[in-house]
Amino acid sequence: MKINVGIDEKIKEQDIERLVTLGADEFFCGIMTDAWVDNYGSQMSTNRRTSPVEQFTDYRTIKRIIDKIHSFGKKVTIVFNAHTYIEEQYPLLMEYLRILCDYGIDAVTVTNIDLLSRINSEHPDLPAHISGDAGVYNSEAVRFYKRFGIKRIILPRHLTVSEIKEIIKSNPGLEYECFIMEMRCAFEGAYCFLSHSWTQKPLCQEENKKMYYKYLPSLGRAARITPAEHLKTEDNKNRYDVWCHKDSIVQTFMSVKDRYVQQCGLCQIAELRKAGVNVLKIAARGTEPDSKFISVSMVKKVISSPLPDEKFCKSVRGNPEICDLKYMCYYR
Amino acid sequence: MVELALHIPGIRDITFLENVEGTLDGVYSDIPLDPSQDDFIPLPPVTRLFGIVLKPLLGKNLKFNRVYFGAEFCQCLIPSLEHLTRIKKLCEKKELKFTFVTPYVTDFGIKQLVPIFSYLNSCDENIEVVVNDYGILNLISRDYPRLLPILGRCMNKMERDPRFAKKLPAGMIPGQLRVWQETCLTLPYYKRILGEMGVKRFEFDIVPQGIKTDFSGSGFSASLYYPWTFVTTGRVCETGSLSLEDSKKFRLDVSCAKECREYFAYWVTPPCECNNKCETKSAKSSYIFQVGNTIFMLCEAPADVLRELFSRGFDRVVYEPGLPL
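Residues numbered from 1 in each chain as written. Chains lettered and ligands numbered in written order. Predicted model: local features only at pLDDT ≥ 70, side-chain atom pairs only at ≥ 80, totals over all residues. Heavy atoms only, no water.

**Some words on the overall build of chain A**
Move 1: Within chain A one finds 14 helices and 10 strands.
Move 2: Taking 20 Å as the expected radius of gyration for a compact globule of 332 residues, we find that chain A reaches 21 Å, a close match to that expectation.
Move 3: Based on the C-alpha atoms only, the size of chain A along its principal axes is roughly 65 × 50 × 40 Å.
Move 4: Here chain A holds 332 residues, and the buried ones make up 61% of them.
Move 5: Contacts in chain A between residues far apart in sequence, at least 24 positions, make up 70% of those at least 6 positions apart. (Helix = DSSP H or I, 4+ residues; strand = E, 2+ residues; numbered from the N terminus. Rg over C-alpha atoms; globule rule 2.2 N^0.38 Å. Buried < 20%, exposed > 50% of the residue type's maximum accessible area, 1.4 Å probe, protein only. Contact = heavy atoms within 4.5 Å.)

Right under this line is the structure:
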């Protein structure tokens, strides 16, 4: 199993060396230069990450990093996984691709089938990966994307291991990548159309007040809930906020390491391997280099272990209370 | 001519269909949408919107001639074949055309849909199926040639944010607005690929920033869902965890008790962090609802917005009298 780790402008050449030493096999990143930002702002990102520190913003830096990655014999994928591009954006998008192909980029990750078709037409030798945000939830969706000659499917976050197993079994011959760390959300990238950049927090991360009501059988009417129902919904909401990793709550019981690592699926790695997953994704674009180092080393430890059972994985994670809570897990 | 369709997500909402004539002729009181009031009744304002917006706008064409039946956002809510046939028969009795609505699904969901597709494929008429998953589109296109796939609103990924329902973000530049107001579905490869798979209709939510797409003469037509705009969804369900023990909450592999059929939540977003001085303060919408795993905003687009869209190839309104889950 390979480890694919997200990188960005905060990463230095020596950090790449350290990540490779720790076990990183592949890297992925986005690019959004001033030419794009001047026309569309960073909010209308090329790659669903809207902050400059979550990607590369100039050609010189990204070329240096690509060269460094290649010097270790490792691969790098460029991510253009916005849901929507409009026609006037394509000249710049295709310019990015031409330049990055000249730099020797190894693959491209996409969501949008129009962009995918244009890449196939202009860069037929560039392997394409289908983004987790494309929403490949079933075997038929893999068949849909196969018509584009893709090389890899990145499966979405909201699948169980047994569902992943079924998809891969039905469609052998492709590479499959799964999320293993970071950036989990209650809402699914493929079907979340919220803007994440115009306000300090996206709607789902705001401290929203939620008031539950009950439907009444008569047409369109609602009733207030009982005090007992109120307590039940409040307890459920508090737990949901922990699951959602709301800062105001988790800061009280997360260690520094847990704040770096957050959600993980370490204890599912063995099962994912059995299911046929080839690559584990650490969704680390925008995180601090230290966070990337910790994540890669933890995942590598589990991959390399002869007995990566739950006990071992818990010891790698180093906070059994977090594991026992079961609210910081991928694939549960 | 604009077609008016009624969306019934599940059998629970059969009363909307049974009372379809009443919906057309009802009297619409002006009840405010204010949860602080003791008589808070969140859904009648929707029928009020029907009365003050759609009714005058459609005039003599005000007649439901189609029913959408099915859930868009959760495979746990896929109806049984028995419920589907019951609704379909009622539609036939009322001389209403039938469209089946499907959610995004895992392989388990596909297994539930297959008998329904087989039944619909064997019906005398060609039946529309709204697809919100490319896997379902692939399946229909390959195995059920008599069904007519429609690309559902979950596949039309225009950004939206209820907090900008009344005022767009300050400092938005023209290029950003152009991207925000367009869909990618009219790009050449989308049209070619989806067209080859039998798609002739795209479905839209009415997003706060407006829609600039023009389908006139494109070979495709478009529907508008009204008045509920879908915002976000996912398989992890807060409401569906209400009755589960703590360690089983928010998991994908644990069945829920379908609490979304019983409860919904009204969201109030916090006051703006800039102490109410920024431009977006007035955009804070209080009309946000969580139903099961999905968040909706109530979109109160006025008649002129709809009229403009009708002139650009949007020729169907999918009216949702209840929360659409």
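**Let's talk about the overall build of chain B**
Move 1: Counting secondary structure elements, chain B contains 9 helices and 12 strands.
Move 2: When burial is assessed residue by residue, chain B has 63% of its 325 residues classed as buried.
Move 3: When the accessible area of chain B is evaluated, it comes to approximately 11700 Å², of which 52% is carbon and sulfur surface. (Areas by Shrake-Rupley, 256 points an atom, 1.4 Å probe, with all protein chains shown as cover.)

**Focus on the pairing of strand β1 (residues 3-8) of chain B**
Residues and elements named next belong to chain B.
Move 1: The buried fraction of β1 amounts to 6 of the 6 residues, a majority that puts the element mostly inside the structure.
Move 2: Neither face of β1 is open: one carries Glu 3, Ala 5 and His 7, the other Leu 4, Leu 6 and Ile 8, and all of them are buried.
Move 3: With 4 bridges joining them, β1 and strand β12 (residues 314-319) adopt parallel strand pairing. Paired with Leu 4 across the strands is Val 317, a residue of β12. (Pairing = 2+ DSSP bridges.)

**Concerning the state of the cysteines**
Move 1: Scanning the model with the defined rule gives 0 disulfides over all chains in all.
Move 2: With no disulfide of its own, B:Cys154 lies closest to A:Cys192 among cysteine sulfurs, the gap being 12 Å.
Move 3: The buried category is assigned to B:Cys154, whose relative accessible area is 0%. (Disulfide = S-S within 2.5 Å.)

**Observations regarding the nonpolar core**
Move 1: Ranked by size, the top nonpolar core spans 191 residues in total, and within it A:Phe80 and A:Tyr145 carry the most contacts.
Move 2: In terms of residues, this core owes the most to one element, helix α4 (residues 90-102) of chain A, which gives 8 residues.
Move 3: Aside from chain neighbours lying at most four places away, what touches A:Tyr145 is A:Thr111, A:Ile113, A:Ile130, A:Ala134, A:Val136, A:Ile150, A:Ile153 and B:Tyr134.
Move 4: Core analysis: the second largest hydrophobic core is formed by 27 residues, A:Ile225, A:Met254, B:Val236 and B:Phe250 among them. (Core = buried A, V, L, I, M, F, W, Y, C linked by side-chain atoms within 4.5 Å.)

**Digging into the packing of aromatic side chains**
All names here are of chain B.
Move 1: All chains considered together, the criterion is met by 35 aromatic pairs over all chains.
Move 2: Ring geometry for Phe 100 against Phe 117: centres 6.3 Å apart, planes inclined by 75°, an arrangement best described as edge-to-face. On the criterion of sequence distance, the pair formed by Phe 100 in strand β3 (residues 97-101) and Phe 117 in helix α5 (residues 107-122) is long-range, its members being 17 residues apart. By the burial criterion, Phe 100 is buried, and Phe 117 matches it.
Move 3: Both rings, one in Trp 228 and one in Phe 289, keep their centres 5.3 Å apart while their planes meet at 90°; by these two values the pair is edge-to-face. (Phe/Tyr/Trp six-rings, centres within 6.5 Å; stacked < 30°, edge-to-face > 60°.)

**Remarks on the packing of helix α12 (residues 289-304) of chain A against helix α13 (residues 310-317) of chain A**
Residues and elements named next belong to chain A.
Move 1: The interhelical angle for the contact between α12 and α13, taken along N-to-C directions, is 160°, at an axis separation of 10 Å. Overall, the two elements α12 and α13 adopt an arrangement that is roughly antiparallel. The hand of the α12/α13 crossing is right-handed. Every residue of α13 that contacts α12 at Met 298, Lys 301 and Val 302 is listed here: Phe 312, Cys 313, Val 316 and Arg 317.
Move 2: Of the residues in the contact of α12 with α13, the class split is 5 nonpolar, no polar and 2 charged. (Axes fitted to C-alpha atoms, helices over the stretch in contact; angles between N-to-C directions. Parallel < 35°, antiparallel > 145°, perpendicular 65-115°, else oblique. Left-handed = near helix turned anticlockwise from the far one by under 90°. Nonpolar A, V, L, I, M, F, W, Y, C, P; charged D, E, K, R; others polar.)

**Notes on the sheet that holds strand β7 (residues 175-181) of chain A**
Residues and elements named next belong to chain A.
Move 1: The sheet built from 8 strands closes into a barrel, its strands ordered β1-β2-β3-β4-β5-β6-β7-β10 with parallel pairing. Averaged over all neighbouring strand pairs, the angle between strand axes comes to 30°, with direction disregarded.
Move 2: For strand β1 (residues 2-6) and strand β10 (residues 279-282), the ladder comprises 4 bridges, and the chain directions are parallel. In the strand pairing of β10, Val 5 is matched with Ile 282.
Move 3: Strand contacts of helix α3 (residues 59-71): β2 (26-29) and β3 (75-80), with the helix running at about 145° to β3, the strand carrying the most contacts.

**Details of the interface of chain A and chain B**
Move 1: With 80 residues of chain A at the contact, the number on the chain B side is 93 residues.
Move 2: For the pair chain A and chain B, the two sides together bury roughly 7800 Å², of which 59% comes from carbon and sulfur.
Move 3: Of all residues in chain A, A:Tyr191, A:Phe193 and A:Tyr215 give up the largest surface area on contact with chain B, accounting jointly for 12% of the area buried on that side.
Move 4: Linking chain A to chain B there are 7 salt bridges.
Move 5: Linking chain A with chain B are 32 residue pairs in polar contact (both at pLDDT 80 or more).
Move 6: Per-element tally for the side of chain A that touches chain B: the top contributor is helix α8 (residues 227-243) of chain A, with 9 residues.
Move 7: Residues belonging to the side of chain A that touches chain B are distributed by class as follows: 34 nonpolar, 20 polar and 26 charged. (Buried area = accessible area lost by both parts, 1.4 Å probe. Salt bridge = Lys/Arg side-chain N within 4 Å of Asp/Glu carboxyl O. Polar contact = N/O pair within 3.5 Å; in protein donor to acceptor, adjacent residues only side chain to side chain.)

**Observations regarding α13(A)**
Residues and elements named next belong to chain A.
Move 1: Taken together, the buried positions of α13 are occupied by Cys 313, Val 316 and Arg 317. End-on view of α13: buried residues confined to an arc of 100°, all on one side of the axis. Turned more than 90 degrees from where α13 packs its buried face, Lys 311 and Ser 315 sit exposed.
Move 2: Looking at the packing, one finds that the buried side of α13 touches α10 (256-261), α12 and α14 (320-325).
Move 3: Backbone geometry just downstream of α13 places Gly 318 in the positive-phi region, at approximately 80°. (Arc of directions from axis to C-beta.)

**Describing the pattern of salt bridges**
Move 1: Summed over the entire model, instances satisfying the criterion amount to 43 salt bridges over all chains.
Move 2: The partner of A:Lys165 in a salt bridge is A:Glu271, with the nearest N and O atoms 3.9 Å apart. With A:Lys165 in helix α7 (residues 161-170) and A:Glu271 in helix α11 (residues 269-275), this residue pair connects regions lying 106 residues apart in the sequence.
Move 3: Given the relative accessible area of 34%, A:Lys165 is considered partly exposed.
Move 4: Residue B:Arg153 pairs with B:Glu72 through a salt bridge whose shortest N-O separation is 2.7 Å. You can see B:Arg153 sitting in the loop between β5 (148-151) and α7 (174-181) and its partner B:Glu72 sitting in the loop between β2 (64-69) and α4 (81-93), a full 81 residues away along the chain.
Move 5: One network of salt bridges, in which partners are shared, links A:Glu26, A:Lys151, A:Arg152, A:Glu175, A:Glu177 and A:Lys281.

**Section: the confidence of the model for chain B**
Residue and element names in this part refer to chain B.
Move 1: On average, residues of chain B score 86 in pLDDT, and 87% of them are at 70 or above.
Move 2: Low pLDDT, under 50, characterises residues 27-32; the stretch is placed with 13 contacts to residues that sit more than four places away or in other chains.
Move 3: Every residue in residues 279-284 is under pLDDT 50, and counting partners more than four places away or in other chains gives 22 contacts. (pLDDT = per-residue confidence, 0-100.)

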